[in-house]
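# A closer look at the structure
Each chain is listed here by its residues.
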Amino acid sequence: MKPKRSEKMFKRASKNLVGAVNSPARAFGAVGGKPLFIKQAKGSKITDVDGNEYIDFVLSYGPMILGHGHLYVQRQVRKALKHGYSFGATSAPEIKLAKMICGVFPGMEKIRFVNSGTEAVLSALRLARAYTGKTKIIKFSGCYHGHVDALLVAAGSGLATLSLPGSAGVPESSVQGTLIAHYNDLDSVKAHFETHDDIAGVIIEPIAGNMGVVVPQDNFMKDLQSYVSSQSALLIADEVMSGFRAHYGGTQELLGVQADITCLGKVIGGGFPVGAYGARAEIMDKVAPLGDVYQAGTFSGNPISMSAGIATLRALKRQNPFDTFNETAKTLEDALKQSARRYKVDIAINRYGSMITPFFTKGSVSNFQHAQAADTQRYARFFWAMINNGIFLPPSQFEAWFLSSALTKTDIAKTINAIDIAMQEVARI
Ligand SMILES: *Cc1c(COP(=O)(O)O)cnc(C)c1O
């Protein structure tokens with residue numbers, strides 16, 4: 001790897017961009033070293049400004065489920081561009097995408113498009129509070145819901161039940177109404193309801209992806225839904241990451257649950273900025289202009305994002321890559337386990353649909369505390385060894401690797417080769 005151009009670009013970028021990036025994970029802080037600067041991406045591959053090509057398992061942190069530059073999506077976006085890019089009035093693609101999404105999320109009769117997952121979540125919280133007339137929100141440690149003030153709460157094991165701001169600039173008053181529960185632990189939810197009488201809702205990633213992949217065990221999601229509903233609070237499913245990952249629709253359906261409000265983003269914009277929240281009509285009709293919950297946006301329902309979303313979902317439906325995702329993820333899991341055994345490295349692997357995370361730890365990972373026990377130095381070593389062997393992984397132990405339907409058999413074989421080399425390096429520390 002010759003990092004010449006990247007180095008120059010890093011210097012230039014650092015002048016006017018904070019830390020040379022526009023989103024902190026991109027700075028590679030968790031793995032050390034300089035970030036990649038990207039020139040282009042096509043199909044399963046991404047190329048940096050020095051011309052190094054990598055098989056891409058970051059996929060823009062999830063949206064590029066078809067791989068990069070999918071031709072049908074490009075064609076549809078180009079067509080849409082000809083008709084104008086932003087109107088400040090409703091256009092046909094919004095109606096179309098709304099219908100496509102509501103059609104596959106049982107219990108979602110209406111949807112509101114916004115511009116990011118963060119915006120979807122903050123609007124969903126506002127709506128939940130307005131609908132229930134209560135104020136407090138329960139979130140789970142290790143779940144990420146965008147950079148909403150109220151949800152940026154320190155969730156480390158020692159502080160897990162205290163509501164302390166996890167970011168400078170977030171006033172304590174913003175997080176006072178946020179209660180922290182533990183993933184896969186219904187009792188931790190019940191404990192809050194027993195001591196607080198003004199809980200509006202419980203927000204959860206039904207498949208967690210932001211502490212690395214963590215899946216709900218046994219009937220956790222079902223039990224959570226019935227308990228929350230018995231307390232007259234709303235269940236908010238944050239499917240910004242998990243939506244359209246394991247089948248054509250939400251994970252709720254596969255888990256046998258139906259949230260009151262669902263948040264979406266990432267895949268439904270096909271790589272263009274988007275977010276959305278939806279619910280049954282009775283709840284959504286609380287939102288302005290029908291109701292008194294104010295929520296607006298200059299670019300909301302942007303026709304280019306909508307067209308990219310429609311094209312992506314159509315292609316996804318046609319391809320139906322979900323069995324292949326499972327098989328590929330299983331193949332990667334087997335390869336990781338085999339190499340780990342060969343070089344005596346402790347590893348635990350969680351996966352769901354097109355998301356997979358190997359944790360460098362002993363024992364299983366079913367909550368944030370377990371995830372945090374993982375050896376992040378080992379992950380960093382693994383990450384750089386993979387980069388050096390042409391594989392781009394998320395630059396943190398606590399992120400999901402994503403699979404795209406553009407991955408080829410050769411890509412997988414190369415990845416498995418690289419895994420074995422990287423694991424051997426990990427065993428040295
Ligand atoms: C990415 C993500 C968000 C935030 O979405 P942005 O578009 O980055 O604002 C919220 N929730 C979950 C589960 C996510 O994965």
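Keep in mind that what you see is a predicted model, and the values were worked out from it rather than measured.

Moving on, we get to the overall build of the chain. For the chain, the helix and strand inventory stands at 14 helices and 14 strands. Scaling as 2.2 N^0.38, a compact globule of 429 residues should have a C-alpha radius of gyration of about 22 Å, and the chain matches this with 21 Å. C-alpha atoms of the chain, sized along the principal axes, occupy 55 × 55 × 45 Å. Burial analysis of the chain (429 residues in total) assigns 56% to the buried set. Relative to all contacts within the chain whose residues are 6 or more apart in sequence, the contacts with residues 24 or more apart total 72%.

With that settled, the discussion passes to the domain arrangement of the chain. As assigned here, the chain comprises domain 1 (4-69 + 321-427) and domain 2 (71-318). Computed from C-alpha atoms alone, the centre-to-centre distance between domain 1 and domain 2 is 25 Å. Tallying the contact residues gives 32 residues for domain 1 and 37 residues for domain 2. Of the roughly 2600 Å² buried between domain 1 and domain 2 on both sides combined, carbon and sulfur atoms contribute 68%. There are 0 salt bridges connecting domain 1 and domain 2.

The subject of this paragraph is the environment of glutamine 372. Here glutamine 372 is to be found in helix α12 (residues 368-372). When the C-alpha positions of glutamine 372 and phenylalanine 398 are compared, they lie 8.4 Å apart, and in sequence the two are 26 residues distant.

Taken together, the side chains of Arg75, Arg78, Lys79, Lys82, Lys96, Lys99, Arg314, Lys317 and Arg318 present a region of like positive charge at the surface. Looking at the positive patch, the elements that each hand over two or more residues are α2 (71-82), α3 (92-102) and α10 (303-319). Looking at which element gives the most residues to the positive patch, the answer is α2, with 4 residues. Among the structural elements, lysine 99 can be located in helix α3. The exposed category is assigned to lysine 99, whose relative accessible area is 66%.

The next thing to look at is the environment of glutamine 295. Secondary-structure assignment places glutamine 295 in the loop between α9 (281-284) and α10. Here glutamine 295 falls in the buried class, since its relative accessible area comes to 7%. Spatially, the C-alpha atom of glutamine 295 lies 10.0 Å from that of alanine 124, the residues being 171 residues apart in sequence. Once residues lying within four places of it in the same chain are set aside, the contact partners of glutamine 295 are Arg112, Val114, Glu119, Ser123, Arg126, Tyr277 and Val287. Within the local environment of glutamine 295, its side chain forms a polar contact with the side chain of arginine 112, the two groups lying 3.0 Å apart. Of the polar contacts made by the side chain of glutamine 295, one reaches the side chain of tyrosine 277; its length is 2.8 Å.

Here we take up the nonpolar core. Ranked by internal contacts, the top residues of the largest apolar core, which has 71 residues, are Ile101, Phe113, Phe382 and Met423. Here this core takes 8 residues from α10, the largest share from any one element. When we break this core down by domain, the ones giving at least three residues each are domain 1 (4-69 + 321-427) and domain 2 (71-318). Aside from chain neighbours lying at most four places away, what touches methionine 423 is Leu336, Ser339, Ala340, Tyr343, Val345, Ile347, Phe360 and Phe382. One finds Val189, Val228, Ala233 and Val257 within the second-largest nonpolar core, a separate group that totals 31 residues.

Basis of the calculations
- Residues numbered from 1 in each chain as written.
- Predicted model: local features only at pLDDT ≥ 70, side-chain atom pairs only at ≥ 80, totals over all residues.
- Heavy atoms only, no water.
- Helix = DSSP H or I, 4+ residues; strand = E, 2+ residues; numbered from the N terminus.
- Rg over C-alpha atoms; globule rule 2.2 N^0.38 Å.
- Buried < 20%, exposed > 50% of the residue type's maximum accessible area, 1.4 Å probe, protein only.
- Contact = heavy atoms within 4.5 Å.
- Domains from an automatic or database assignment.
- Buried area = accessible area lost by both parts, 1.4 Å probe.
- Salt bridge = Lys/Arg side-chain N within 4 Å of Asp/Glu carboxyl O.
- Patch = residues over 30% accessible without salt bridge, like charges linked within 9 Å, V, L, I, M, F, W, Y side chains within 5 Å.
- Areas by Shrake-Rupley, 256 points an atom, 1.4 Å probe, with all protein chains shown as cover.
- Lys, Arg positive; Asp, Glu negative; His and termini not counted.
- Charge placed at Lys NZ, Arg CZ, Asp CG, Glu CD.
- Polar contact = N/O pair within 3.5 Å; in protein donor to acceptor, adjacent residues only side chain to side chain.
- Core = buried A, V, L, I, M, F, W, Y, C linked by side-chain atoms within 4.5 Å.

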